[in-house]
Amino acid sequence: MTELFSGTGPLFMNPDPDDARSFFKKKEKALVNKVMPVKEAVSKFVKDGDYLGSGGFGSNRIATAALHEILRQKKRNLGLAGHTTTHDFQILTAGNMDGEKLLSRVDVAYIVGLEARGLSPHARRVMQSGEIEICEWTNYAIACRFRAAASGIPFIPARNMLGTDTFFQSAAKEILCPFTDRKLVALPALYPDVSLIHVHESDVYGNCRINGITVADGDLARASKRVIITTEKIISNDDIRSKPWATIIPSYCVDAVCEVPYGSYPGNMPGEYFSDEAHLVEWLRAENDVEKFRQFLDKYIYDVPDFEHYLELCGGVEKIKELRAQELLLPRKE
Amino acid sequence: MSDYNAIELMICVAARLLEDGSTVGVGTGAPCAAAMLAQRTNAPNLLITFEAGGIAPQLPSMPISVGDSRTFYRGLMATSMSDILETCQRGLVDYTFLGGAQIDAYGNINSTVIGDYHKPKVRFPGSGGANDFASFCWHTLVITQHDIRRFVKKLDFLTTPGYLNGPGAREKAGLPENSGPLKIITDLAVMGFDETTKRMRVESLHSGVTFEKVQENTEFELLKSPEITDTEPPQDEELRILREEVDPFRYVIGR
């Protein structure tokens, strides 16, 4: 007899496909103009207590404007799929200060770090305080969980996590394969309430194109009950129809389309602009001191009305020209 | 022989392990530098993949993130994270390179917490793709500094599987057969794993380092390979390529 184990972590979201189907049945599928300001999208589609998915890869192709707006609107008790969340995690944990809880639960694959840039002091303070309920996974596990949800099935079997504490602190379960008798890990479907995805191009209905790696965003958009798209630019529906194979996210998944040029700043946007490493370092340094971090957040987020003003504070078009030159490997001027 | 620092030595040793025509999943930093160096020396046909979706880029510079645009610059494909890790799960990826806060005698790695899981003394990022890569790739390579707080008897948290608790344990847990850690490259030595016990053993010592010194910096008891050799130091040409082409701004080798 093979002994089968279960992870001991909390399962934050219901993996049942019929509950999801009832929701998706009611979703608008017709082509309706969904263009709106970020402020309206966040106020309309992100509710206190919701569980979020953040698109892109931490500091690459992230929906910065929507993440900032969630902070400004002081949303509370949100859940998050921490699927290589780096700068996006840093932004959201900034709402966990002075006893306030923007995040209350996190499925963890990669958090608190900014890869080669080091660890976020504030995100670590928040995570080390124990105030956030967590469940442990891996990047592939969370990608599979989105895929299961996107497929409309309750779980996906895989061969990772087995034998480790990562499994023990997850909400996965070991199962036996009905065909081969092999032990597998069952990864439960994850249907986020709302996801925030930044793309290169979208039409007014939410048909989206992404240039470069898609990370998990094709599945994330399909798995999420509501999707807020921020886009570098809005393109015509004719343009979409001229090359339908380039559409990565179809409009029936999308609830809001917000045009935000340079919207992944200070993150990288493939083919458009590189990440602003100086600003990311400034952010990391500010976090060392709580008072300094408060002032930093006031200056860049709470005291500005929107992302456009933040971009202006960070150097505006001149800064973007510099980051575009870096991204496109243009020769440097002497 | 030129002067070189510990990280340059580790990168050169790691690069030589990658055969021409093999496939590797890498992260940023030293692993990426090793793969780039291998591509310019012994393994021009090395296929490099990044977990966020980049396949076979012609890297113009060191990436800052495993998902930044450099990781698919002039690549063969820009795909999804699932596609990359499923390619590993299907058995097409030979090597992966990892690091971590703690490692034990069986090559298991902790990159999650120091202290109690629910109220940790230090919270680290967690698995990211490390558990996936080490579960799926045929061979895991580790590059890390060697000290007694890192090479521990018992991990605070087993994030990523090595040989778990010994021979047969990976297979029993359900992990793909015949996979596991291959080499651990540190600033003191290169270690492999004893075939019968799956415990870490010293295979080569860097210049000026004794077995005793490696043991002093390791909390668990190290085994000895039947023949412990001297680590081949970096060649001038390897150092030139590493310094001029791979990491001219010394992001990794200047640490």
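On a predicted model such as this, the values are computed, not experimentally measured, just so you know.

A. The arrangement of the overall build of chain B in detail. Summing up its helical and strand segments, chain B has seven helices and 14 strands in all. Taking 18 Å as the expected radius of gyration for a compact globule of 255 residues, we find that chain B reaches 17 Å, a close match to that expectation. Looking at chain B as a whole, 62% of its 255 residues are labelled buried. Sequence separation of 24 or more characterises 64% of the internal contacts of chain B that already satisfy a separation of 6 or more. On chain B, roughly 9900 Å² of surface is accessible, and the fraction owed to carbon and sulfur atoms is 49%.

B. Summary view of the nonpolar core. Grouped together as the largest cluster of nonpolar side chains are 99 residues, with contacts concentrated most on Trp-137, Leu-187 and Ile-249 of chain A together with Ile-11, Leu-18, Val-24 and Phe-97 of chain B. When residues no more than four places from it in sequence are discounted, the contact partners of Leu-18 of chain B are Val-24, Ala-34, Ala-35, Ala-38, Asn-42, Ala-43, Leu-46, Tyr-95, Phe-97 and Leu-141 of chain B. Listed in part, the 57 residues of the second largest apolar core include Leu-67, Ile-70 and Val-126 of chain A together with Phe-157 of chain B.

C. How the structure looks around the pattern of salt bridges. In this structure the tally under the stated criterion is 33 salt bridges over all chains. Between Lys-319 of chain A and Asp-276 of chain A there is a salt bridge, with the nearest N and O atoms lying 3.8 Å from each other. Placement of Lys-319 of chain A in helix H13 (residues 316-327) and of Asp-276 of chain A in the loop between strand E11 (256-259) and helix H10 (277-286) is noted, with a sequence separation of 43 residues between them. Asp-276 of chain A sits in the buried class, given a relative accessible area of 4%. For Arg-70 of chain B, the salt bridge identified is with Glu-327 of chain A, shortest N-O distance 4.0 Å. Within this pair, whereas Arg-70 of chain B is found in the loop between strand E3 (54-55) and strand E4 (77-78), its partner Glu-327 of chain A is found in helix H13, the two belonging to separate chains. When its relative accessible area of 7% is taken as the criterion, Glu-327 of chain A is described as buried.

D. Examining the packing of helix H2 (residues 38-45) of chain A against helix H3 (residues 64-72) of chain A more closely. All names here are of chain A. The N-to-C vectors of H2 and H3 enclose an angle of 60°; their axes lie 9 Å apart at closest approach. Between H2 and H3, the crossing angle belongs to the class labelled oblique. The way H2 lies across H3 gives a crossing that is right-handed. Of H3, the residues touching H2 (which contributes Val-38, Lys-39 and Val-42) are Ala-65, Ala-66, Glu-69 and Ile-70. Along the lines of polarity and charge, the residues of the contact of H2 with H3 split into five nonpolar, no polar and two charged.

E. Quick look at the packing of aromatic side chains. According to the stated counting rule, one finds 14 aromatic pairs over all chains in the structure shown. Aromatic side chains Trp-283 of chain A and Phe-296 of chain A sit 5.1 Å apart centroid to centroid with 70° between the ring planes, which places their arrangement in the edge-to-face category. Of this pair, Trp-283 of chain A sits in helix H10 while Phe-296 of chain A sits in helix H11 (residues 290-302), and the two are 13 residues apart along the sequence. As far as the burial class goes, Trp-283 of chain A and Phe-296 of chain A line up, both buried. An aromatic cluster is present here, built from Tyr-265, Trp-283, Phe-293, Phe-296, Tyr-300, Phe-307 and Tyr-310 of chain A joined pairwise through their rings. Sitting over the face of the ring of Trp-137 of chain A, Arg-145 of chain A holds its NZ or CZ atom 4.2 Å from the ring centroid. Sitting over the ring of Tyr-106 of chain B, Arg-199 of chain B keeps its end group 5.9 Å from the ring centre.

F. Layout of empty space enclosed by the protein. Scanning all chains against the criterion turns up one cavity of 30 Å³ or more. In this structure, the largest cavity spans a volume of roughly 30 Å³. Around the largest cavity, the lining residues are Phe-57, Asn-60, Arg-61, Ile-213, Val-215 and Pro-270 of chain A together with Gly-67 of chain B. The class makeup of the residues in the lining of the largest cavity is four nonpolar, two polar and one charged.

G. Layout of the interface of chain B and chain A. Of the residues lining the interface, 53 residues belong to chain B; the matching set on chain A comes to 53 residues. A per-residue breakdown of the area chain B buries against chain A is headed by Ile-64, Arg-123 and Pro-125 of chain B, which together make up 16% of the total. The interface formed by chain B and chain A holds four salt bridges in total. One can count 34 residue pairs in polar contact (both at pLDDT 80 or more) joining chain B with chain A. When residues of the side of chain B that touches chain A are traced back to their parent elements, those giving at least two are helix H3 (81-89), strand E9 (122-123), helix H4 (130-136) and helix H5 (169-173) of chain B. Here the side of chain B that touches chain A is built from residues that sort into 22 nonpolar, 21 polar and ten charged.

H. Fine view of the state of the cysteines. Counting across every chain of the model gives zero disulfides over all chains. Not part of a disulfide, Cys-253 of chain A finds its nearest cysteine sulfur in Cys-208 of chain A, a span of 9.0 Å. Residue classification places Cys-253 of chain A among the buried residues on the basis of a relative accessible area of 7%. Left without a disulfide partner, Cys-12 of chain B is nearest to the cysteine sulfur of Cys-32 of chain B, which lies 15 Å away. Take Cys-12 of chain B: its relative accessible area is 0%, and that puts it in the buried class.

Cut-offs applied
Residues numbered from 1 in each chain as written. Chains lettered and ligands numbered in written order. Predicted model: local features only at pLDDT ≥ 70, side-chain atom pairs only at ≥ 80, totals over all residues. Heavy atoms only, no water. Helix = DSSP H or I, 4+ residues; strand = E, 2+ residues; numbered from the N terminus. Rg over C-alpha atoms; globule rule 2.2 N^0.38 Å. Buried < 20%, exposed > 50% of the residue type's maximum accessible area, 1.4 Å probe, protein only. Contact = heavy atoms within 4.5 Å. Areas by Shrake-Rupley, 256 points an atom, 1.4 Å probe, with all protein chains shown as cover. Core = buried A, V, L, I, M, F, W, Y, C linked by side-chain atoms within 4.5 Å. Salt bridge = Lys/Arg side-chain N within 4 Å of Asp/Glu carboxyl O. Axes fitted to C-alpha atoms, helices over the stretch in contact; angles between N-to-C directions. Parallel < 35°, antiparallel > 145°, perpendicular 65-115°, else oblique. Left-handed = near helix turned anticlockwise from the far one by under 90°. Nonpolar A, V, L, I, M, F, W, Y, C, P; charged D, E, K, R; others polar. Phe/Tyr/Trp six-rings, centres within 6.5 Å; stacked < 30°, edge-to-face > 60°. Lys NZ or Arg CZ within 6 Å of the ring centre and 35° of its normal. 1 Å grid on protein atoms, 1.4 Å probe; cavity = no way out; pocket = protein on both sides within 12 Å on 5 of 7 lines; lining within 4 Å. Points joined across faces, edges and corners; volume = space filled by probe spheres on them. Buried area = accessible area lost by both parts, 1.4 Å probe. Polar contact = N/O pair within 3.5 Å; in protein donor to acceptor, adjacent residues only side chain to side chain. Disulfide = S-S within 2.5 Å.

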